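Chain residues, written in single-letter form:
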Amino acid sequence: MTPQADPAAGPVRDGTDRPDTDTDTATGPWRAGIRRVIRAGSRPGPWKRGPVLAVLALLLGLLMLLHARIPNRVGHLGSLAETFLPWFGVFVPVLLAGALWRRSASALVALLLPVTVWLSLFGRLLSDKSHSDSDLTVASHNVGADNPDPAGTARALAASGADVLALEELDELAKGTYERELAKTYPYRTVQGTVGLWSKLPLSDSRAVDIGMDYGPLAATKPADVKLAYNRALRTMVTTEHGPLAVYVAHLGSVRVNPRAGFWTDARDRNAQELGRALAAERNQRMVLLGDLNGTTDDRALAAVTSKLRSAQDAAGDGFGFTWPAEFPMARIDQILVRGVKPTSSRVLPATSSDHLPVAAGLSL
């Protein structure tokens, strides 16, 4: 007699209806592995990660490499970029941090371009090229028309050890103070308008240099004494043991940044052209230019000047030698440029009460 199944006990299971546990166990790891492969394949690889960072790195490198191609017709953008060109290197560590965070091989490789370009432009400034031997020490300082302590500024400059000292932006009320404070150290001087030169060595053939402060149809109608009052450049001859040295002092026109005009440099650019003509006409082969040029030697607008002279800071300095603004220097607009003499050192002097830092250089004559 065959026993009857109890409906309440559920279906009776025998060997023919058991689940295939061996098959499930075998295929489980395969399925998990396939899923891992699919997930890994769907993620971007190191060469595909960070495409935006890679593009930004390439653009940064091209911007520095082709800075001379940035147009100057609109807002003088080219001059503005060249004024602060060394600071473009600040973006390299920012992009590097992003590339490492994203583990982007393409961004890391792209960063080689801006690094190489920056080093080719400014790598020479990272080493100290100064030497102790010099025949003459020259210094220059925009003392600032609003300087609250001209006497203290004069004493600090006299203590610098400079043999020849150029001052720019001399205020009419402060001229007497500078002349009085510097007289003991510097027996020779010439002041032409708002610029002056004090020297331990004799001076001769001192005169104002016209750099186009006046222009237009009424420029020729102004009397000479009126023009001299706001003259901003001079030329003199310094008598040294090694022969005469032509020294120019100049303060080129100011620049402004505003929404309407952009980087406004019209006066400075005109002054640079006129000063360049004066330098080209100088017959003395040994020459020094001291002054506030309101621009860096990278700025194409100063090519009329910088193409004829070389920077003492580039040749014999240590670092960038930024001079303005004094509180947080971001650009070297106060220059010592030379021709026919060898710079042996170049440095930025301690701050005074001016908004510019003074600069000094040793020269081998």
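About the cut-offs
Residues numbered from 1 in each chain as written. Predicted model: local features only at pLDDT ≥ 70, side-chain atom pairs only at ≥ 80, totals over all residues. Heavy atoms only, no water. Helix = DSSP H or I, 4+ residues; strand = E, 2+ residues; numbered from the N terminus. Buried < 20%, exposed > 50% of the residue type's maximum accessible area, 1.4 Å probe, protein only. Contact = heavy atoms within 4.5 Å. Phe/Tyr/Trp six-rings, centres within 6.5 Å; stacked < 30°, edge-to-face > 60°. Pairing = 2+ DSSP bridges. Polar contact = N/O pair within 3.5 Å; in protein donor to acceptor, adjacent residues only side chain to side chain. Axes fitted to C-alpha atoms, helices over the stretch in contact; angles between N-to-C directions. Left-handed = near helix turned anticlockwise from the far one by under 90°. Nonpolar A, V, L, I, M, F, W, Y, C, P; charged D, E, K, R; others polar.

(A) The arrangement of the overall build of the protein in detail. In terms of helices and strands, the protein carries twelve helices and 14 strands. Burial statistics for the protein: of 365 residues in total, 45% are counted as buried. Partitioning the contacts of the protein with sequence separation of at least 6, the portion at a separation of at least 24 is 71%.

(B) Spatial organisation of the packing of aromatic side chains. Evaluated as defined, the whole model comprises six aromatic pairs. Summarising the aromatic geometry, the rings of Trp87 and Phe322 are spaced 5.7 Å apart at their centres and angled 20° between planes, so their arrangement reads as stacked. Pair noted here: Trp87 is in the loop between helix H3 (77-83) and helix H4 (91-102) and Phe322 is in the loop between helix H12 (312-316) and strand S12 (334-339), with a separation of 235 residues, a long-range link. With relative accessibility at 28%, the residue Trp87 sits in the partly exposed group. Relative accessible area serves as the criterion here: at 19%, Phe322 is assigned to the buried category. When the centroid spacing of 5.7 Å and the interplanar angle of 55° are considered together, the rings of Trp118 and Phe122 count as tilted. A residue pair is termed a helical-turn pair when its members lie 3 or 4 positions apart in one helix, as Trp118 and Phe122 do in helix H6 (residues 112-122) at four residues. Classification of Trp118 by relative accessible area gives buried; the value is 15%. Ring-pair connections join several aromatic residues into one group, and the members of that group are Trp87, Trp118, Phe122, Phe320, Phe322 and Phe328.

(C) The sheet that holds strand S10 (residues 287-292), seen in detail. Strand order across the open sheet formed by six strands is S5-S6-S7-S10-S12-S11, with mixed pairing between neighbours. Of all strands in the sheet, those with a lone pairing partner are strand S5 (203-208) and strand S11 (310-311), marking the two edges.

(D) Up close: the side chain of His67. Structurally, His67 can be placed in the loop between helix H2 (51-65) and H3. For His67, a relative accessible area of 15% gives the class buried. Here Glu82 takes part through its side chain, which lies 3.0 Å from a polar atom of the side chain of His67. Setting aside its immediate chain neighbours within four residues, His67 contacts Glu82, Leu85, Leu121 and Arg300.

(E) Looking closely at the packing of helix H7 (residues 150-158) against helix H8 (residues 175-182). Viewed as axis vectors pointing N to C, H7 and H8 meet at an angle of 35°, and their least axial separation amounts to 9 Å. At the point where H7 passes H8, the crossing takes the right-handed sense. Between H7 and H8, the residues in contact are Pro150, Ala151, Thr153, Ala154, Arg155 and Ala158 and Thr177, Tyr178, Glu181 and Leu182, respectively. When the residues that make up the contact of H7 with H8 are grouped by side-chain class, the tally is six nonpolar, two polar and two charged.

(F) Spatial organisation of unusual backbone geometry. With an omega of -10°, the peptide bond between Trp324 and Pro325 qualifies as cis. Topologically, Pro325 is positioned in the loop between H12 and S12. The backbone of His76 sits at a positive phi, close to 50°, despite the residue not being glycine. Relative to the helices and strands, His76 is located in the loop between H2 and H3. Using a relative accessible area of 18% as the deciding quantity, one classes His76 as buried. One non-glycine residue, Glu169, adopts positive backbone phi at about 60°.

(G) Expanded view of the sheet that holds strand S1 (residues 136-142). If you trace the six strands from one edge of the open sheet to the other, you get S3-S4-S2-S1-S14-S13, paired in mixed fashion. Of all strands in the sheet, those bounded by a partner on one side alone are strand S3 (188-192) and strand S13 (342-348). For this sheet, the mean inter-axis angle between neighbouring strands, taken without regard to orientation, is 15°. Judged from the five bridges that link them, S1 and strand S2 (residues 164-168) form a sheet pairing that is parallel. In the strand pairing of S2, His141 is matched with Leu167.

Note that all results are geometric; they support no functional claim without further evidence.
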